[in-house]
Every structure is written in structure tokens, then in C-alpha cells.
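# Structural features, examined
Take a look at the letters that make up each chain.
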Amino acid sequence: MSDPSADTQQTASPLPVVWLLGRTGAGKSSLVRALTGLDEIELGSGFAPCTRSAAVFDFPPDRPLMRFLDTRGLGEAGYDAAEDLAQCEARSHAILAMARLDDPVQADLEAALREVRRRKPRIRVIVLHTAAAEVPDAQARFRARAATQARLERAAGGALPWLEISLEPGRAQGLEALCDLLGETMPEVALLLGREGQEGDGFAAVRGEVLRHAGAAAAADLAPLVGAVAVPGVQAAMLRALARHHGVDWSRSHAAEFAAALGLGTALRFGAGYALRQAAKLVPVAGQTLGAAAAGTASFAATYALGRAAHRWLAGAAAGAPVSEAELRALYRDALRRAERR
């Protein structure tokens, strides 16, 4: 957890930030628990104040890759949102505006969205309609959602994507769709919180490690030619770390076996595109902006996909149950598709 006192002095966070904005009782803590898999005690001890009525939670707590920002005072008597909005809106990358379907009074949330959009008109806002179980009649639920959505869109000055989600313990619904929406602008967050890999082959245990290396590869690839040396080094370090996790000696023979299983064609296709992207970064002005961004995106995606495939291969090697080449290559392609939204 970062030092919250230092955090209040910053105008921007180095971590992607999801701002939870809604009245007390809208389900913000329940959403964070559902997305992270943490229990109430872990979550309660992780939040730290950053203003008088807002708090931050870095996830994963030990080596954070993202931050939740919770403005807790909306709708409380005597609460003035001005300080929180001034402190929080500059640091946020996406807003989850949460409104209960059984609570038609959302004037505080409307005012907050109006002010945030005035200050930061392009910030991503996703509306989450919660507490559907409290409005069992389908028609009443539809009318409540439509009315609230219309008011929030007027406040925000345009159409907003929305989801109706359930946050009942053990029966949460709509989380994968939420991750997909977040992935349109914050794919690292979507990959970190997504359901993929949380069951089955145990990828959830190493997802953070893979994402850290993918982020490092993207950052290393922004400067002309530097990435040609740095990115393979980052990927090699990731493979060694994954091998240690599985108790496998990452020898040259194992590296060769994995490369053969993944397919030389995969490596060559990435390598050819990689050379072109490095050359594009040498083009003055445009190449050093658009080309660098494209190179960083590709390196992030390829490193994530490589880590996803390597985890499955190493798990099979450790268990004495080799993974078929077809399965491994399909896994790589699927992971690459997920990460290319970055």
C-alpha cells in the first residue's frame, strides 16, 4: 500500500485508477470484494484515507497493479463533495457510477458526474445499476433503471454505457461484462480482474507477475530501438520467474521444448512485425508517437500471451502431463486477442 499522505499531494497516480462514485449503500465495497476475491476483513484493512471522506485501495495489496478510489460521502448529511472531486477527478482513469435500483434519489451522484465531466470531459464513465433483488418486478426494475440512466446521462452530457449487476455473495453477476467494458480503455485492469484463469489451471496465482512483466515490456518499447534489447530481456525474466513458481529448472532444453510447442511460426510472425515497429519509431514526430504507442501495445500483448501460455506449459511439465501443441497455441492466440485491446 502506498503512503496515503504522500498520495494526496500527487495530481496523478502511476497506477490505473478506478473511481467508485455513488451514494452510501450503493454496493461499492461489495463490488471490490467481488472483483478481487478478497474478504471483508482484508478489504477493510486495505483501504486508507486520501481525503477527509475518500479512501484508496491498491490491488494486489503486496505488489499493486491498480487502485480503487472510493468517495464515501455522497448523500451523507453535511457532506461537501467539492474537496473530494478536486482531489480525485484528476487522478482517475475510469469512473464506475453506482446507483441502487430501489433508490430513485440520485441528485448527489448527478451533481458529482456533472462536475467531473465539466472538469474532465473525456473521462470514461460506466453506470452500474445495483440491488436488482430489491426490485423483483421486471417492469418496475426496467422503469427504475431507465429513469436513473436518463438522469445520469443528462448530468454527464451524453450517452453512458451501463450494466445491471448483482453483488450477492457467491452469486455475483455481470462482472465479466464489466471487465469487458473496462478493457476498452484499461485492459491491464480488465486482465487483472477478469474471471479467466481464476479456476482450472491456477493462472490467477501468477497473473499479477505476468502483467507486471507485460507492463515493463510495453514501457521499455516506447523508445526507438531500446525495445529490441529490453523486451526480450523482460520476457526472459518472466519465463524464469514462472519456472521458479512451478519448481521447474528453466534450462536451455526446456526453453527449446517450450518454443517448439508454441510454434516457430508464432515467434517469426511477431518478430517480423516487431522489426517493422522498431523501424517506424525512427520516423520523426509521427513515428515517435504513433509508432511508439503501437510498439508498446504489441509488446504488452505478446508478453502477456507468452506468459499465459508459459504458465500452462510449465504446469504440465511440473505435473508430468505435457500440454498439446494445439492447446498451447490456441491459448496463446486467445490471450493475445484479450491483451491487444490495450
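For the structure, check the block above.
Every value quoted in this text rests on a predicted model; they were computed, and no experiment measured them.

Moving on to the overall build of the chain. A tally of helices and strands in the chain yields 14 helices and seven strands. Split into buried and exposed, the 342 residues of the chain put 49% on the buried side. Sequence-distant contacts, at least 24 apart, represent 70% of the contacts inside the chain between residues at least 6 apart. With an accessible surface of roughly 15,700 Å², the chain has 57% of that area assigned to carbon and sulfur atoms.

The residue proline 104 is located in the loop between strand E5 (94-100) and helix H5 (107-119) in this model. In this structure, the C-alpha to C-alpha distance between proline 104 and alanine 144, residues 40 residues apart in sequence, is 7.2 Å.

This part takes up the environment of serine 30. Tracing the sequence through the fold places serine 30 in helix H2 (residues 28-36). Note on serine 30: relative accessible area 24%, which makes it partly exposed. Separated by 142 residues in the primary sequence, serine 30 and alanine 172 place their C-alpha atoms 9.6 Å from one another. One polar contact links serine 30 to arginine 33, side chain to side chain, over a distance of 3.3 Å.

This next bit is on the pattern of salt bridges. Taken as a whole and assessed by the stated rule, the structure comprises 15 salt bridges. Residues aspartate 108 and arginine 23 are paired through a salt bridge, measuring 3.2 Å at the closest nitrogen-oxygen approach. One end of the pair, aspartate 108, is in helix H5; the other, arginine 23, is in the loop between strand E1 (17-22) and H2, and 85 residues separate them in sequence. Assessed through its relative accessible area of 33%, aspartate 108 is described here as partly exposed. Across the pair glutamate 164 and arginine 141 runs a salt bridge, and its minimum N-O distance is 3.1 Å. Note that glutamate 164 is positioned in strand E7 (residues 162-164) and arginine 141 in helix H6 (residues 138-156), a separation of 23 residues in sequence. In this structure, a network of salt bridges that share partners links the residues Arg23, Asp103 and Asp108.

Between its first and last C-alpha atoms helix H14 (residues 325-339) spans 21 Å; for 15 residues at 1.5 Å apiece the expected length is 21 Å, and the two agree. Of all the positions in H14, only Leu328, Leu331, Tyr332, Ala335 and Ala339 are classed as buried. Axial view of H14: buried residues confined to an arc of 100°, hence all on one face. Relative to its buried face, H14 has exposed residues pointing more than 90 degrees away, namely Ala326, Arg333 and Arg337.

Let us look at the packing of aromatic side chains. For the structure shown, the criterion picks out four aromatic pairs. Judged by centre distance (6.1 Å) and plane angle (80°), the rings of phenylalanine 203 and tyrosine 304 are edge-to-face. Note that phenylalanine 203 is positioned in the loop between helix H8 (187-193) and helix H9 (207-220) and tyrosine 304 in helix H13 (residues 286-319), a separation of 101 residues in sequence. Accessibility assignment for this pair places phenylalanine 203 and tyrosine 304 in one class, buried. An aromatic cluster is present here, built from Trp250, Phe258 and Trp313 joined pairwise through their rings.

On to the pairing of strand E4 (residues 66-71), then. Counting buried positions over the six residues of E4 gives six, a clear majority of the element. Both faces of E4 are covered, namely the face carrying Met66, Phe68 and Asp70 and the face carrying Arg67, Leu69 and Thr71. Alignment of E1 against E4, held across five bridges, turns out to be parallel. Bridging across to E4, leucine 21 finds its partner in threonine 71. Here six bridges tie strand E3 (residues 54-59) to E4, and the two strands are oriented antiparallel to one another. Bridge assignment links valine 56 to a residue of E4, and that residue is leucine 69. Between E3 and E4, which pair antiparallel and follow one another directly, the connecting turn spans six residues.

Okay, the nonpolar core next. One finds Leu31, Phe68, Leu96, Leu128, Leu178, Phe258 and Tyr304 to be the most contacted residues of the largest nonpolar core, which totals 63 residues. Once residues lying within four places of it in the same chain are set aside, the contact partners of leucine 96 are Val18, Trp19, Leu20, Leu21, Leu31, Ile126, Leu128, Leu178 and Leu182. If you look at the next biggest cluster of nonpolar residues, it comprises 24 residues, including Val17, Cys50, Leu69 and Val127.

Let us now look at unusual backbone geometry. The peptide bond linking phenylalanine 59 to proline 60 adopts the cis configuration, its omega dihedral lying at -10°. Tracing the chain through its elements places proline 60 in the loop between E3 and E4. The residue alanine 131 is not glycine, and still its phi comes out positive at about 60°. When you line up the elements, alanine 131 lands in the loop between strand E6 (124-130) and H6.

Rules behind the numbers
- Residues numbered from 1 in each chain as written.
- Predicted model: local features only at pLDDT ≥ 70, side-chain atom pairs only at ≥ 80, totals over all residues.
- Heavy atoms only, no water.
- Helix = DSSP H or I, 4+ residues; strand = E, 2+ residues; numbered from the N terminus.
- Buried < 20%, exposed > 50% of the residue type's maximum accessible area, 1.4 Å probe, protein only.
- Contact = heavy atoms within 4.5 Å.
- Areas by Shrake-Rupley, 256 points an atom, 1.4 Å probe, with all protein chains shown as cover.
- Polar contact = N/O pair within 3.5 Å; in protein donor to acceptor, adjacent residues only side chain to side chain.
- Salt bridge = Lys/Arg side-chain N within 4 Å of Asp/Glu carboxyl O.
- Expected span 1.5 Å × (residues − 1).
- Arc of directions from axis to C-beta.
- Phe/Tyr/Trp six-rings, centres within 6.5 Å; stacked < 30°, edge-to-face > 60°.
- Pairing = 2+ DSSP bridges.
- Core = buried A, V, L, I, M, F, W, Y, C linked by side-chain atoms within 4.5 Å.

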